[in-house]
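# Coordinates in review
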Amino acid sequence: MGARGELFTTQIYLDNRSYFFNVKENRTGDVFLQIVESKNRDGVEADRHQIAIFAEDMQKFLQGMDKSLEFIEKDRKARQKAAKEKRAAKDAAYSKGKSASGKKIYRVKSEKPAEKVDDGIKRTGRIHVVSKKVTED
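The rules behind each value
Residues numbered from 1 in each chain as written. Predicted model: local features only at pLDDT ≥ 70, side-chain atom pairs only at ≥ 80, totals over all residues. Heavy atoms only, no water. Helix = DSSP H or I, 4+ residues; strand = E, 2+ residues; numbered from the N terminus. Buried < 20%, exposed > 50% of the residue type's maximum accessible area, 1.4 Å probe, protein only. Areas by Shrake-Rupley, 256 points an atom, 1.4 Å probe, with all protein chains shown as cover. Salt bridge = Lys/Arg side-chain N within 4 Å of Asp/Glu carboxyl O. Phe/Tyr/Trp six-rings, centres within 6.5 Å; stacked < 30°, edge-to-face > 60°. Polar contact = N/O pair within 3.5 Å; in protein donor to acceptor, adjacent residues only side chain to side chain. Contact = heavy atoms within 4.5 Å. Pairing = 2+ DSSP bridges.

## Comments concerning the overall build of the chain
A tally of helices and strands in the chain yields one helix and four strands. Written out in order from the N terminus, the α and β elements of the chain read β-β-β-β-α. Relative to its 137 residues, the chain shows a buried fraction of 10%. For the chain, the accessible surface area stands at approximately 13100 Å², while carbon and sulfur atoms represent 53% of it.

Written out as C-alpha cells, the structure reads:
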C-alpha cells in the first residue's frame, strides 16, 4: 500500500485543470475511488475539490455516469443536426439571387440618381437618430 492508503493513481492534465483518479483503502479496509479536481489560476494551484465513491456504490455511480454521457451524446447530435438544417435553410435563402450558372445577380435599385437634400444632416448611408427639440413659438 502506498502513501495515504493509495493503491492506484492516474492523472489527466488539461489547460488549467488536473484530474486525479485515486483508488484508496481506508483504515477499516474499505476500498474507494477518490476523484480530485485541481484548478490552476495564474500559475498557482488555487482550488481543489474531491469526491469519494465507495466500492459498493460504484455500479450505481457508473450507471448515472453512463446515462449522463448518453444524454450528452444525443444532445450533441441533435445540436449538430439543427445547425446543419439552419445552415441549409440559410444557404437556400441566400441562393435565390443566383442564376442557374451559379453566378450572383446584382439588381440596381433605381435608374435615376437620388436627389440631394440639404437639411443640415450629414448622411453617410448609416442610420442616424436625430433628436428634435420642441420649441415654443
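## Details of the pattern of salt bridges
Counted according to the given criterion, the structure contains three salt bridges. For R17, the salt bridge identified is with E37, shortest N-O distance 2.5 Å. Taken together, the positions of R17 in strand β2 (residues 17–25) and E37 in strand β3 (residues 31–41) put the pair 20 residues apart, joining distant regions of the chain. R17 gets classed as partly exposed once you look at its relative accessible area, which sits at 29%. Linking R76 and E73 is a salt bridge whose minimum nitrogen-to-oxygen distance equals 2.3 Å. A residue pair is termed a helical-turn pair when its members lie 3 or 4 positions apart in one helix, as R76 and E73 do in helix α1 (residues 58–94) at three residues.

## Quick look at the packing of aromatic side chains
In the structure shown here, the tally under the stated rule is two aromatic pairs. Between F32 and F54, the aromatic rings sit 5.3 Å apart at their centres with planes inclined by 45 degrees, giving tilted as the arrangement. Of the two residues, F32 sits in strand β3 while F54 sits in strand β4 (residues 44–54), which places them 22 residues apart along the sequence. According to the relative accessible area criterion, F54 is partly exposed, its value standing at 29%.

## A word on the side chain of E37
Residue classification places E37 among the buried positions, given a relative accessible area of 16%. Separated by 3.2 Å, the side chains of E37 and Y19 make a polar contact. In this view, E37 contacts R17, S18, Y19, D47, R48 and H49; residues no more than four positions away in its chain are not counted.

## Quick notes on the side chain of N22
Here N22 shows up in strand β2. In this structure the side chain of N22 is engaged in a polar contact, spanning 3.2 Å, whose partner is the side chain of T9. Dropping the residues within four chain positions of it, N22 is found in contact with F8, T9, F32, L33, Q34 and V36.

## Regarding the pairing of strand β1 (residues 6–13)
Two elements, β1 and β2, share seven bridges in a ladder whose sense is antiparallel. Each bridged residue has a counterpart across the sheet, and for I12 the counterpart in β2 is Y19. From the end of β1 to the start of β2, which pair antiparallel, there are three residues.

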